[in-house]
Amino acid sequence: MMSSSPLIPNVDPDQPRHDRFMMRSRRLAANLHDLRRAAGSLPDAIVLLDQDQHVRWFNHAAESLLGLRRPQDRGVVLKDKLHNSELAGWLQEPSPEPLNDVSAPGQPSRHINVTLLPFGQRQRLLLARDISHMSRLEQIRRDFVANVSHELRTPLTVIHGYLELLDPEDVPHLAPVLSEMRAQSKRMGQIVEDLLTLSRLETQDHVAEERVPMAPLLATLRKEAEALSQGRHSITVESTADLDLLGSQKDLHSALSNLVSNAVRYTPTGGRITIRWERTAEGANYSVIDTGYGIPADHLSRLTERFYRVSSSRSRDSGGTGLGLSIVKHVLGLHQARLDIRSTPGQGSTFTCCFGRERLMTPEVHESKPLEGN
């Protein structure tokens, strides 16, 4: 009698592989869904762009801050969609730098910072952060500083005036005290004036477009340096750029003079100070070179901050307010220029104002056009 073999069901050898593939696909889909939900709930606007700036995807914050709408704005060219905003011109630049403190296209009352990052294969990721709260705080700070400085100006003027009326010879035992009070009231007055200057510069978005003749300005800067130095330093002017500047005479004189006075204050007796005006491939540079104490490298990036001091005692002894380089930075920013600082402790420092070609003018008396390109 023959035994019958059990029935063996048909088994697909690819079934386990198919199950694993389906499980993996479901897991990836779930992860992608979670990522999209997380990105969608972020307070920063996120827009994914292809190589031609077509909108591929955006989150909810992009709807409120940038004014994008679903589903009609998927696939549109972003710069065309935002053609009435500051972002449109910014997006046309080949490699745009981050755009700071601009009005949000979707809500003009709000302010945003915008960054464009490379992503994937020739794609871009646009990030826009709402900084309205920080902008309001910054405006409050500016108003406070301006108002307090303005209110302090009058009482300080009165105090300093009465101190000047007191003759130390009438009260010899108070002569040192009166001298110190005069010096400190004068210094406080200068701090107030510098704070008011900074407040004015911070609220400006443009400067006067007037010719600033450099030859007489350089001569004036040298005379001011010699008066402050009182013969303690060797001061020279090297001018090889036969060019004038286009901008604000008052503000540029203030900024360039600040650099010269700093060099005099922080250069020991017997040191050398060179004021240099020279043409460069990008435009022209104004430099103040000294053989002073020098500045450690870890301080250089913070020198233009308000009241920042490398050495507090040395700064106070020199009579500085701690606001000069901050004023220089703001003035140069309004003239589309930048400040470059190089220093070696014990050897000296070089402060350079770099001006672009658009701010240069030929020195003819009757010529008033910016210098043409090469």
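Each chain carries its own residue numbering, running from 1 in the direction its sequence is written. Local features in a predicted model are, by the rule used here, given only for residues with pLDDT of at least 70; side-chain atom pairs are given and counted only at 80 or more, and totals for whole chains, interfaces and linings are based on all residues. Water and hydrogen atoms were dropped before computing side-chain values, which therefore reflect all heavy atoms in the structure.

A. Inspection of the sheet that holds strand S6 (residues 210-212) at higher detail. Read from one edge to the other, the open sheet built from three strands follows the order S6-S8-S13, with strand pairing classed as antiparallel. The outermost strands of the open sheet, each flanked by one partner alone, are S6 and strand S13 (360-361). Both strand S8 (residues 244-247) and S13 contribute to a ladder of two bridges, which runs antiparallel. Bridge pairing in S13 links Asp244 to Met361. In this description, contact between two residues means that some pair of their heavy atoms is separated by no more than 4.5 Å. Helix axes are fitted to C-alpha atoms over the stretch in contact, other axes to C-alpha atoms as well, and angles between N-to-C directions run from 0 to 180 degrees. Put simply, DSSP H or I for four residues or longer makes a helix, DSSP E for two residues or longer makes a strand, and each gets a number counted from the N terminus. The strands touched by helix H8 (residues 249-265) within the sheet are S6 and S8, with S6 carrying the most contacts at an inclination of about 30°. Following DSSP output, two strands are said to pair if at least two bridges run between them.

B. Representation of the nonpolar core. Buried Ala, Val, Leu, Ile, Met, Phe, Trp, Tyr and Cys residues that are joined via side-chain atoms within 4.5 Å together make up what is termed a nonpolar core. Relative accessibility thresholds used throughout: buried, under 20% of the residue-type maximum; exposed, over 50%; partly exposed, between the two (1.4 Å probe, protein chains only). Counting 45 residues, the largest nonpolar core has Leu221, Leu245, Leu259, Trp277, Tyr286 and Phe355 as the members making the most contacts within it. It is H8 that contributes the most residues to this core, seven residues altogether. Those residues in contact with Leu221 that lie beyond four places of it in its chain are His253, Leu256, Ser257, Val260, Ile275 and Tyr286. By size, the runner-up hydrophobic cluster in this structure holds 23 residues, among which are Val47, Leu87, Leu99 and Val114.

C. Highlighting the packing of helix H5 (residues 132-165) against helix H6 (residues 175-203). With their axes 8 Å apart at the nearest point, H5 and H6 run at an angle of 150° to one another. Between H5 and H6, the angle is such that the two are roughly antiparallel. Crossing of H5 over H6 shows left-handed handedness. Any residue outside Ala, Val, Leu, Ile, Met, Phe, Trp, Tyr, Cys, Pro, Asp, Glu, Lys and Arg is labelled polar, Gly included; the first ten of those are nonpolar and the last four are charged. By residue class, the composition of the contact of H5 with H6 is 11 nonpolar, six polar and eight charged. Each angle receives one of four descriptions, namely roughly parallel if under 35 degrees, roughly antiparallel if over 145, roughly perpendicular if within 65 to 115, and oblique otherwise. Crossings are classed by handedness, with left-handed meaning an anticlockwise turn of the near helix from the far one by less than a right angle and right-handed meaning a clockwise turn.

D. Expanded view of the layout of surface pockets. Grid points spaced at 1 Å over the protein atoms alone were grouped into cavities, where a 1.4 Å probe fits but cannot get out, and pockets, open sets with protein on both sides within 12 Å along at least five of seven lines, with lining residues defined by an atom within 4 Å of a point. Grid points are joined across faces, edges and corners, and a volume is the space filled by probe spheres set on the points. There is about 290 Å³ of room inside the second largest pocket. Along the walls of the second largest pocket sit Asn100, Asp101, His111, Ile131, Met134, Ser135, Arg136, Glu138, Gln139 and Arg142, which together make up its complete lining. Residue assignment for the lining of the second largest pocket shows that the elements contributing at least two residues are strand S3 (99-103) and H5. The biggest single contributor to the lining of the second largest pocket is H5, with six residues. Taken together, the residues of the lining of the second largest pocket sort by class into two nonpolar, four polar and four charged.

E. The packing of aromatic side chains, seen in detail. Pairing of aromatic rings covers Phe, Tyr and the six-membered ring of Trp, with a centre-to-centre limit of 6.5 Å; geometry is then stacked below 30 degrees between planes, edge-to-face above 60, and tilted otherwise. One pass over the full model with this rule turns up one aromatic pair. Seen in terms of ring centroids, Trp277 and Phe355 are 6.3 Å apart; in terms of plane orientation they differ by 70°. Their pairing is edge-to-face. Remark: Phe355 occurs in strand S12 (residues 348-356) and Trp277 occurs in strand S9 (residues 272-279); sequence separation between them is 78 residues. Neither residue differs from the other here; Trp277 and Phe355 are each classed as buried.

F. Structural view of the pattern of salt bridges. Salt-bridge detection follows one rule: a side-chain nitrogen of Lys or Arg within 4 Å of a carboxyl oxygen of Asp or Glu. Going through the model one piece at a time under the given rule, you end up with 17 salt bridges. A salt bridge links Arg129 to Asp44; the shortest N-O distance between them is 2.9 Å. Separated by 85 residues along the polypeptide, Arg129 in strand S5 (residues 123-130) and Asp44 in the loop between helix H1 (15-40) and strand S1 (45-49) bring together distant segments of the chain. Here Arg70 makes a salt bridge to Glu63, at a shortest N to O gap of 2.4 Å. The partly exposed category is assigned to Arg70, whose relative accessible area is 27%.

G. Local environment of the sheet that holds S5. In spatial order, the strands read S2-S1-S5-S4-S3; together these five strands make up an open sheet with antiparallel pairing. Where the open sheet ends on each side, the last strands, each with one partner, are strand S2 (55-58) and S3. For this sheet, the mean inter-axis angle between neighbouring strands, taken without regard to orientation, is 25°. In this structure, strand S4 (residues 111-119) lies alongside S5, joined through eight bridges in antiparallel fashion. Following the sheet pairing, Ile112 is matched in S5 by Asp130.

H. Geometry of the pairing of S12. Most of S12 sits inside the fold, with eight of its nine residues counted as buried. Examined bridge by bridge, strand S10 (residues 283-290) and S12 share eight bridges and lie antiparallel to one another. What sits directly across from Val288, in S12, is Phe351. The pairing of strand S11 (residues 338-344) with S12 spans seven bridges and is antiparallel.

I. Seen up close, the side chain of Asn59. Mapping Asn59 onto the fold places it in the loop between S2 and helix H2 (60-66). A polar contact of 2.9 Å, which involves the side chain of Asn59, links it to the backbone oxygen of Asp44. Engagement of the side chain of Asn59 in a polar contact is seen with the backbone nitrogen of Ala62, the distance being 3.2 Å. N or O atoms closer than or at 3.5 Å make up a polar contact, with two conditions inside protein: a donor-capable atom paired with an acceptor-capable one, and, for residues adjacent in sequence, both atoms drawn from side chains.

J. Structural view of unusual backbone geometry. Cis geometry is adopted by the peptide bond preceding Pro71, which originates at Arg70 and carries an omega value of -10°. Looking at where Pro71 falls in the secondary structure, it is placed in the loop between H2 and helix H3 (78-81). The backbone of Gln53 sits at a positive phi, close to 65°, despite the residue not being glycine. Its location among the elements puts Gln53 in the loop between S1 and S2. Assessed through its relative accessible area of 15%, Gln53 is described here as buried. Phi is positive for Gln230, which is not a glycine, with a value near 55°. Secondary-structure assignment places Gln230 in the loop between helix H7 (214-229) and strand S7 (234-239). Here Gln230 falls in the exposed class, since its relative accessible area comes to 64%.

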